[in-house]
Amino acid sequence: MQRILITGASGFIGSHLVRVALSLGYEVWAAIRPESNRRKLEAQGVRLVEVDYSDEARLAQMLRAVLPSSLGVEPMWHYVIHNAGITKTAHTEEFQEVNAEQTCRLLSALSSLPTPPLRFVLMSSMSSYGAASGPLEPIRAEDEQHPHTLYGRSKCLAEHYTEQSGLPFTLLMPTGVYGPGDADYLLSLQGIARGINAMAGCKPQYLTFVYGEDVARAALFVLTKKEAEGERYIVADGGTYTDLEFGRMVQRLLGKKRVLHIRIPLPLVRLVCAFGSLRARLTGKVSPLNRDKYPLLAQRNWRCDASPLFALGFSPTRNLEEGLRETIAAARASGDLPQ
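Note that the structure is predicted; figures quoted are calculated from it, not measured. (Residues numbered from 1 in each chain as written. Predicted model: local features only at pLDDT ≥ 70, side-chain atom pairs only at ≥ 80, totals over all residues. Heavy atoms only, no water.)

(A) Local environment of the overall build of the protein chain. Scanning the protein chain for helices and strands turns up 12 helices and 13 strands. The C-alpha radius of gyration computed for the protein chain amounts to 20 Å, which stays within 12% of the reference 20 Å derived for 339 residues, consistent with globular compactness. In terms of principal-axis extent, the alpha carbons of the protein chain reach across some 65 × 45 × 35 Å. Across the 339 residues of the protein chain, 52% fall into the buried class. (Helix = DSSP H or I, 4+ residues; strand = E, 2+ residues; numbered from the N terminus. Rg over C-alpha atoms; globule rule 2.2 N^0.38 Å. Buried < 20%, exposed > 50% of the residue type's maximum accessible area, 1.4 Å probe, protein only.)

Encoded structure:
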């Protein structure tokens, strides 16, 4: 049985990674912080290793501590999927520390093991690219990267660290990830359920999506593909939708007869985001609308090209409508959306 180490296993995408890896027969390990809730992971039969990402020497020591002497030259973990990170924070300096520098320390610690892993998959983000090269052009994996947010820059730096680590690697850049358990897109669904679809900007925004479980499936898919070593792939379901099309699709799936689809001018959106950042600084409560998020809301073109991943043999299991239908059903079952 091959062993896989997953970081960020208790999060939205991480929970899918754990479930898919278990279904494929891996012996699944989760790297957790001492204060992490371990009950669900233990109930799934996941093995745990405590880590401290703030200290490289300490991190290497903690990873080595679980090495049984019987392994010989076999790696402790055949594969590693690094999914841990943050997408929003009240203190923006944390983006580089958590997303980039902690990735660098993990890479160094893994490289120091007697036998390093056979593949390291970094879960990055399309935010590491910034804007597309033109208003109608899709973002492609081989494009030059010019991230325009602190989050995007931290992810771009994590990619650079991975490429320079000496470990066999694959980089994944998912587009808008949604599905049961995701909190950010749930806010949009809840707003439409209340009768308002507030869209950022007076011009249409072109959006792309991928279902959470399909992101996990893509990570496990490239893990063992020899052709994927040293490569980078955008992960999406292949469709493109305007923000209005998205809102109307949600309205139809919710069975909502009347929804006000309203466009908010970008200067007002910027003001709301600035207030969100100020509130987060004062209270510690992080808002999904913040200064670092604003450039992503203002960008009109989020078209992307996932065809290299499809050419490798990967196929998403759900398009946007199918995924939204399951997301809405799950949110209704949990009481997060009205019946």
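(B) Summary view of the packing of helix α1 (residues 12–23) against helix α7 (residues 212–223). Where α1 meets α7, the axes come as close as 8 Å, and the angle between the chain directions of the two elements is 55 degrees. By the angle between their axes, α1 is oblique relative to α7. The handedness of the crossing between α1 and α7 comes out as right-handed. Contacts from Phe 12, Ile 13, His 16, Leu 17, Arg 19, Val 20 and Ala 21 in α1 reach Gly 212, Glu 213, Val 215, Ala 216, Arg 217, Ala 219 and Leu 220 in α7. (Axes fitted to C-alpha atoms, helices over the stretch in contact; angles between N-to-C directions. Parallel < 35°, antiparallel > 145°, perpendicular 65-115°, else oblique. Left-handed = near helix turned anticlockwise from the far one by under 90°. Contact = heavy atoms within 4.5 Å.)

(C) Examining the packing of helix α3 (residues 56–64) against helix α4 (residues 94–111) more closely. Their axes nearest at 9 Å, the elements α3 and α4 cross at an angle of 45 degrees. In terms of axis orientation, α3 runs oblique to α4. Here α3 runs over α4; the crossing is right-handed. Here α3 contributes Glu 56, Leu 59, Ala 60 and Leu 63 to the contact with α4, which in turn contributes Arg 105, Leu 106, Ser 108, Ala 109 and Leu 110. Looking at the contact of α3 with α4, its residues break down into six nonpolar, one polar and two charged. (Nonpolar A, V, L, I, M, F, W, Y, C, P; charged D, E, K, R; others polar.)

(D) How the structure looks around the environment of Ser 111. Relative to the helices and strands, Ser 111 is located in helix α4. Placed 51 residues apart in sequence, Ser 111 and Ala 60 show a C-alpha to C-alpha distance of 9.1 Å. Those residues within four positions of Ser 111 in sequence are excluded, and the remaining contacts are Pro 116, Ser 165 and Leu 167.

(E) Looking closely at the sheet that holds strand β2 (residues 27–32). Taken in spatial order, the seven strands make up an open sheet running β3-β2-β1-β4-β5-β6-β11, and their pairing is parallel. At either margin of the open sheet sits one strand with a lone partner, and together these are β3 (47–50) and β11 (232–235). Neighbour to neighbour, the strand axes of the sheet diverge by 20 degrees on average, direction disregarded. One ladder, built from four bridges, connects strand β4 (residues 79–82) with strand β5 (residues 119–123); its direction is parallel. (Pairing = 2+ DSSP bridges.)

(F) Structural detail: the pairing of β5. Most of β5 is tucked away: five of the five residues are buried. Side chains Arg 119, Val 121 and Met 123 of β5 all project onto a buried face; the interleaved residues Phe 120 and Leu 122 project onto the opposite face, where all are buried too. Remark: the β4/α4/β5 crossover connection has right-handed handedness. Bridge count for β5 against strand β6 (residues 169–174) is four bridges, and the pairing is parallel. The partner of Val 121 across the bridge, within β6, is Thr 170. (Right-handed = clockwise from strand over helix to strand, strands pointing away.)

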